[in-house]
Amino acid sequence: MVPKPYSERIGLVLSAMNIAVNTRYLMKDELEGYGYFIREVLKQLTRDHPEHQFYFLFDRPYPETYRFSENVIPLIVPPPARHPVLWKYWYDIKVARALKKIKASVFLSPDGFASLTTRVPQYLVVHDLGFLHQPEAYKRSHYLFYKYYQKRFIKKARRVATVSEFSRADICRLYHTDPARIDVVYNGVKDVFRPLDHEAQEAIRSAYTGGKPYFIYAGALQPRKNLVALLKAFSIFKKRQKSEMKLVLAGRLAWKNDAFLDLLKTYKYREDVVLTGYLPEAELAGLMASAYALVYPSLFEGFGVPVIEAMKCGIPALTSAHSAMEEIGGEAALYFDAASPADMAEKLMLIYKDENRRAQLIASGRERAALYTWKRTADLLWEGLTSMLEGLR
């Protein structure tokens, strides 16, 4: 006997739900990690489940492009919440009131924050606990807020999702959480990341590096990403290889970058380092697809999206060992010790000199990237949310 679809098995629980979603990271022209996750997952969920009403809770004016389908009702819930004091006020006072007003069946919060005052069942997406592993990489006010409240948010939530088995194990270990309460919903990769033909690649290299080949790092420029070590590794590579290779750092300059900026001022190979600033995703995808390889030396991640984006673009991915990236990349990536610029440099030289290894990584990377789709992410999240509601019957 073929089992019924999950939504049919839980019957009336799913009838005409009012699903409230925290969408404060959906900002115009400023999307990064959380924002991309929310946009791609909600675009899929709202279209896949037209029988339900989705209330998007914004903390500021929103672009109409985020109204993905007719069953989306955007609500502005002021004030803009971009500081710990306002976070507390927004979730516990303003969001709680909004949930009561719209008679929400559930509150989906993809940034890991919960309302501690509402009685509405909450489903959180906690991407990682990086602040516990690298407190120095966070603004002090943010770190103190996370440290005090994150465990309370997880305890308050009916159920939690995270983006890798690595992150689930971390949450269970550090917060003594029952693993049965945590769902793994792997990230997806946007379709804009894809291989480019030779002519398009040449045009992009000409625009950014004067036609020279380059390694690329993609992401915000902040201490957690380990960019000082990357500069040191690139310096070793340049000294040994005497190549024309450039290093492109594609992302906005974030916080606590004094050490990175000080090193860059006196960096011997400063002319070979390109800082692009924040890029629209289509431009970033083209820059990625035209690179020689991705180097992603982050010290801690719950997933490591750029690794899969690089694979989908048809370039090799070099990234940190002993991290979530090993789970995500499997045998399709090349790994280094993120704490060792020397080891990082060795891997840069290996991928530069060994064309056979590079070709193998490109081929296996494309297969690996095909596993990570936003459709899969949305389906896993929906199953977790609906199983939570089934448990409330």
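Not measured: the values here are computed from a predicted model.

The rules behind these values
Residues numbered from 1 in each chain as written. Predicted model: local features only at pLDDT ≥ 70, side-chain atom pairs only at ≥ 80, totals over all residues. Heavy atoms only, no water. Helix = DSSP H or I, 4+ residues; strand = E, 2+ residues; numbered from the N terminus. Rg over C-alpha atoms; globule rule 2.2 N^0.38 Å. Buried < 20%, exposed > 50% of the residue type's maximum accessible area, 1.4 Å probe, protein only. Contact = heavy atoms within 4.5 Å. Lys, Arg positive; Asp, Glu negative; His and termini not counted. Charge placed at Lys NZ, Arg CZ, Asp CG, Glu CD. Patch = residues over 30% accessible without salt bridge, like charges linked within 9 Å, V, L, I, M, F, W, Y side chains within 5 Å. Areas by Shrake-Rupley, 256 points an atom, 1.4 Å probe, with all protein chains shown as cover. Salt bridge = Lys/Arg side-chain N within 4 Å of Asp/Glu carboxyl O. Core = buried A, V, L, I, M, F, W, Y, C linked by side-chain atoms within 4.5 Å. Phe/Tyr/Trp six-rings, centres within 6.5 Å; stacked < 30°, edge-to-face > 60°. Pairing = 2+ DSSP bridges. Axes fitted to C-alpha atoms, helices over the stretch in contact; angles between N-to-C directions. Parallel < 35°, antiparallel > 145°, perpendicular 65-115°, else oblique. Nonpolar A, V, L, I, M, F, W, Y, C, P; charged D, E, K, R; others polar. Expected span 1.5 Å × (residues − 1).

So, the overall build of the protein
Regarding its fold elements, the protein presents 15 helices and 13 strands. Here the C-alpha radius of gyration of the protein, 22 Å, is about what a compact globule of 393 residues would show, namely 21 Å. Counting only C-alpha atoms and orienting by the principal axes, one finds that the protein spans roughly 65 × 50 × 40 Å. In the protein, which comprises 393 residues, the share counted as buried stands at 57%. In the protein, once contacts between residues fewer than 6 apart in sequence are set aside, the share between residues at least 24 apart is 68%. Of the charged side chains in the protein, 56 are positive and 43 negative; the average position of the first set lies 7 Å away from that of the second.

Considering a nonpolar patch on the surface
On the surface, Leu86, Tyr89 and Ile93 cluster together to form a nonpolar patch covering roughly 220 Å² of accessible area. Considering the arrangement of structural elements, one finds Ile93 in helix α3 (residues 84–101). Residue classification places Ile93 among the partly exposed residues on the basis of a relative accessible area of 32%.

As for the nonpolar core
Judged by nonpolar contacts, the single largest core of 98 residues is most densely connected at Leu42, Phe54, Phe215, Ile216, Met288, Leu294 and Leu381. Once residues lying within four places of it in the same chain are set aside, the contact partners of Phe54 are Ile19, Val21, Leu42, Leu45, Thr46, His49, Asn71, Val72, Ile73 and Trp382. Leu57, Phe107, Tyr146 and Ala157 belong to the second largest nonpolar core, which has 35 residues in total.

Some thoughts on the packing of aromatic side chains
Across all of its chains, the model carries 30 aromatic pairs by this definition. On the numbers, 5.9 Å between centres and 10° between planes, the contact of Trp87 with Tyr146 is stacked. With a gap of 59 residues between them, Trp87 in helix α3 and Tyr146 in helix α5 (residues 140–156) connect regions that are remote in the sequence. Like Trp87, the residue Tyr146 is buried in the burial classification. Where Phe303 meets Tyr372, the ring centres are 5.6 Å apart and the plane angle is 85°; that geometry is what we call edge-to-face. Separated by 69 residues along the polypeptide, Phe303 in the loop between β11 (293–296) and α11 (305–313) and Tyr372 in the loop between α14 (355–369) and α15 (374–390) bring together distant segments of the chain.

Some remarks on the pattern of salt bridges
Pairing of side chains with opposite charge becomes possible as their charged atoms draw close. Evaluated as defined, the whole model comprises 23 salt bridges. Note that Lys43 and Glu40 form a salt bridge whose closest N and O atoms lie 4.0 Å from each other. Placement of both Lys43 and Glu40 in helix α2 (residues 33–48) is noted, with a separation of 3 residues, approximately one turn of the helix. For Arg60, the salt bridge identified is with Asp59, shortest N-O distance 3.4 Å. A relative accessible area of 28% places Arg60 in the partly exposed class. Classification of Asp59 as buried rests on a relative accessible area of 1%. Among the charged side chains, a salt-bridge network with shared partners connects Arg39, Glu40, Lys43 and Glu281.

Observations concerning the sheet that holds strand β2 (residues 53–58)
Within the open sheet, the 7 strands sit side by side as β3-β2-β1-β4-β5-β6-β7. Their pairing is parallel. Since the sheet does not close on itself, it has two edges, and those belong to β3 (72–76) and β7 (182–184), each with one partner. Ignoring which end each strand starts from, the neighbouring axes of this sheet average 20° apart. Bridge count for strand β1 (residues 18–22) against strand β4 (residues 106–109) is 3 bridges, and the pairing is parallel. The residue of β4 that forms the bridge with Ile19 is Val106. Most of the contacts of α2 go to β2, to which it runs at about 160°, and overall it touches β1, β2, β3, β4 and β5 (122–125).

Considering the packing of helix α13 (residues 341–353) against α14
In contact at an axis separation of 5 Å, α13 and α14 are set at 95° when each is read in the N-to-C sense. The angle between the axes of α13 and α14 places the two elements in the roughly perpendicular class. Of the residues in α14, those in contact with Leu350, Ile351, Tyr352 and Lys353 of α13 are Glu355, Arg357, Arg358 and Leu361. For the contact of α13 with α14, a count of residues per class yields 4 nonpolar, no polar and 4 charged.

Overview of α15
Counted at 1.5 Å a residue, the expected span for α15 with its 17 residues is 24 Å, and the 24 Å between its end C-alpha atoms agrees. For α15, the set of buried residues is Trp374, Thr377, Ala378, Leu381, Trp382, Gly384, Leu385, Thr386, Met388 and Leu389.

Considerations on the sheet that holds strand β12 (residues 317–320)
In spatial order, the strands read β10-β9-β8-β11-β12-β13; together these 6 strands make up an open sheet with parallel pairing. This sheet does not close on itself; its edge strands, each paired only once, are β10 (273–275) and β13 (334–336). Across the sheet, the mean angle from the axis of one strand to that of its neighbour is 25°, orientation sign disregarded. Where strand β8 (residues 214–218) and strand β9 (residues 246–250) come together, 5 bridges link them in parallel fashion.

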